[in-house]
Amino acid sequence: MTRAPTTARSLADLVEAGALPRTALADPALAQVARDYAIAVTPDVLDLIEGTPADDPIARQFIPTAQEATTTPEERDDPIGDHAHAPVKGIVHRYPDRVLLKPLHTCPVYCRFCFRREQVGPGGAALNEAEFEAALAYIAARPQIWEVIITGGDPFMLSPRRIARIVEALDAIAHVAVIRFHTRVPVVDPARIDDAVVDALKARRAAVYVGVHCNHARELTPASRACLARLADAGIVLLSQSVLLRGVNDTVEALEALFRALVAARVRPYYLHHPDLARGTSHFRLPIEEGQALMRALRGRLSGLCQPTYVLDIPGGHGKSPIGPSYVSDADSDGSRAVTDFRGERHDYPDG
């Protein structure tokens, strides 16, 4: 595919870039999808596309399809209950010791499976100064808040000056020990992470982490790996978050390649999310049992460094729960248990 000079932001842009056929412009279902949900595909991502959403894991994540026009009864506008836990604008406080800080609702790309697809888009305004100060005051007034997770939208869409302002403000709150940014930028627009951004992320006191959203090994291009190296070399701890997606990474081979590539790039796999019940995303979801079988198959094939926690964000705002397979049986009457090894063989263990 010829490299597009700018981010594609419409069906017409995607046709021009060769990511959609011209007939897509006459598809009423696809037109409805484009009206309902934001489109943005960076030149870096367009370069990676080698087919259609039906047969290419990169295209499937970013190129809109008519399937998104289908909403199932269980799907929700706010699948993980952000709104129910938003005491002030820009804050989500779901867990006692940590909060989300959402300074903006724009992203460099818009993933077709996004659980915040009803909230994000090019018109998503950033917090103004008064709103930002109110969010900081909420955090400062609650000493139980140990970690602040900056998300959105994508906080790395902010200028280095704005990023530094966030880091400095949170670093000045003594009980905030960890500042964590969640971003897609290192894999979809790595050139954005320049020396100014890296410098902006450096705190005097708090530990700074960056959580990188990556779902397929092909996303880790040479440019992406160089970007991650700049962050790691600056002492920033890198984690990954991935989503288990039908047609993207729902095989043992795809997950193995992804997690190995992340660890080799000094990114520790953190969470593998079961897909959320966002509207128009049923074609991405698979049964939990399939995800558990995949995680079981990875055990023994991969180092512990490469093993994320498989989690489900319980609909309605009840938080994440690990849903991976169990390797130990309930206790028998004599207190013994059976423990399964990575080969699938069971072994008695005299517990207690």
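Higher on the page you've got the structure.
Now for a description of the structure that goes with this document. Worth saying up front: this structure is predicted, and the values here are computed from it rather than measured.

By the definition in use, this model includes three aromatic pairs. Seen from their ring centres, Phe 113 and Phe 284 are 5.7 Å apart, and the 75 degrees between their planes marks the pair as edge-to-face. Here the residue Phe 113 occupies a position in the loop between β2 (98-101) and α5 (129-140), and Phe 284 occupies one in the loop between β7 (268-273) and α11 (288-298), the gap between them amounting to 171 residues. Considered together, Phe 113 and Phe 284 belong to a single accessibility category, that of buried residues. Residues Phe 156 and Phe 181 carry aromatic rings whose centres are separated by 5.5 Å and whose planes lie at 40 degrees to one another, so their mutual orientation is tilted.

With that settled, consider empty space enclosed by the protein. Space left empty within the atom packing is revealed by a probe, the size of a water molecule, rolled over the atoms. For the structure on display, the rule yields one cavity of 30 Å³ or more. Space inside the largest cavity adds up to approximately 50 Å³. Every residue along the wall of the largest cavity is listed here: Tyr 37, Ala 38, Tyr 110, Cys 111, Arg 112, Cys 114, Arg 117 and Val 120. In terms of residue class, the lining of the largest cavity is built from six nonpolar, no polar and two charged.

Time to look at the pairing of strand β4 (residues 178-183). The buried fraction of β4 amounts to six of the six residues, a majority that puts the element mostly inside the structure. Of the two faces of β4, the one carrying Val 178, Arg 180 and His 182 and the one carrying Ile 179, Phe 181 and Thr 183 are both buried. Looking at chain direction, strand β3 (residues 147-150) and β4 are connected through four bridges and run parallel. Bridging from a neighbouring strand, Ile 150 pairs with Phe 181 of β4.

The next subject is the packing of helix α10 (residues 252-264) against α11. Packed helices, taken two at a time, are described by the angle their axes make and the gap between the axes. Relative to each other, α10 and α11 sit at 60 degrees, their axes nearing to 10 Å. Taken together, the axis directions place α10 and α11 in an arrangement best described as oblique. Every pair of crossing elements has a handedness; the one defined by α10 and α11 is right-handed. Where α10 approaches α11, its residues Val 252, Leu 255, Glu 256 and Phe 259 are matched on the opposing element by Leu 294, Ala 297 and Leu 298. Residue classes in the contact of α10 with α11 are distributed as six nonpolar, no polar and one charged.

This part covers the sheet that holds β4. Two strands in a sheet stick together by hydrogen bonds in their backbones, pointing the same way (parallel) or opposite ways (antiparallel). Spatially, the nine strands line up as an open sheet ordered β1-β2-β3-β4-β5-β6-β7-β8-β9, and their pairing is mixed. The sheet is open, and its two edges are formed by β1 (91-95) and β9 (320-322), each paired on a single side. Between one strand and the next, the sheet's axes are offset by a mean angle of 25 degrees, whatever the strand orientation. Looking at chain direction, β4 and strand β5 (residues 207-213) are connected through six bridges and run parallel. The partner of Thr 183 across the bridge, within β5, is Val 212. Contacts from helix α6 (residues 160-171) reach β2, β3 and β4, with the element oriented near 155 degrees to β4.

With that out of the way, let us pick up the side chain of His 283. Note on placement: His 283 falls in the loop between β7 and α11. The residues contacting His 283, other than those within four sequence positions of it, are Arg 60, Thr 65, Gln 67, Glu 68 and Arg 246.

Once that is clear, we can look at the layout of surface pockets. The space that makes up the largest pocket amounts to roughly 860 Å³. Of all the elements in the fold, those that place two or more residues in the lining of the largest pocket are β1, β2, β3, β4, β5, β6 (237-243), β7 and β8 (309-313). For the lining of the largest pocket, the residue count by class is 20 nonpolar, 12 polar and 10 charged.

Cis geometry marks the peptide bond from Gly 152 to Gly 153; its omega dihedral reads 20 degrees. Unusually for a residue other than glycine, Arg 266 sits at a positive phi of about 70 degrees. Looking at where Arg 266 falls in the secondary structure, it is placed in the loop between α10 and β7.

Residues Val 328, Val 339 and Tyr 349 make up a contiguous nonpolar surface patch of about 250 Å² in total accessible area. Tracing the backbone through its elements, the reader meets Tyr 349 in strand β11 (residues 346-349).

Time to look at the pairing of β11. Here strand β10 (residues 337-340) runs beside β11; their pairing, made up of four bridges, is antiparallel. If you follow Ala 338 over to β11, its bridge partner there is Asp 348. Turn length for the β10-β11 hairpin, with the two strands adjacent in sequence and antiparallel, is five residues, and the turn residue Gly 344 shows positive phi of about 90 degrees.

How each quantity is defined
Residues numbered from 1 in each chain as written. Predicted model: local features only at pLDDT ≥ 70, side-chain atom pairs only at ≥ 80, totals over all residues. Heavy atoms only, no water. Phe/Tyr/Trp six-rings, centres within 6.5 Å; stacked < 30°, edge-to-face > 60°. Helix = DSSP H or I, 4+ residues; strand = E, 2+ residues; numbered from the N terminus. Buried < 20%, exposed > 50% of the residue type's maximum accessible area, 1.4 Å probe, protein only. 1 Å grid on protein atoms, 1.4 Å probe; cavity = no way out; pocket = protein on both sides within 12 Å on 5 of 7 lines; lining within 4 Å. Points joined across faces, edges and corners; volume = space filled by probe spheres on them. Nonpolar A, V, L, I, M, F, W, Y, C, P; charged D, E, K, R; others polar. Pairing = 2+ DSSP bridges. Axes fitted to C-alpha atoms, helices over the stretch in contact; angles between N-to-C directions. Parallel < 35°, antiparallel > 145°, perpendicular 65-115°, else oblique. Left-handed = near helix turned anticlockwise from the far one by under 90°. Contact = heavy atoms within 4.5 Å. Patch = residues over 30% accessible without salt bridge, like charges linked within 9 Å, V, L, I, M, F, W, Y side chains within 5 Å. Areas by Shrake-Rupley, 256 points an atom, 1.4 Å probe, with all protein chains shown as cover. Salt bridge = Lys/Arg side-chain N within 4 Å of Asp/Glu carboxyl O.

That's the geometry; what it means functionally is another story.
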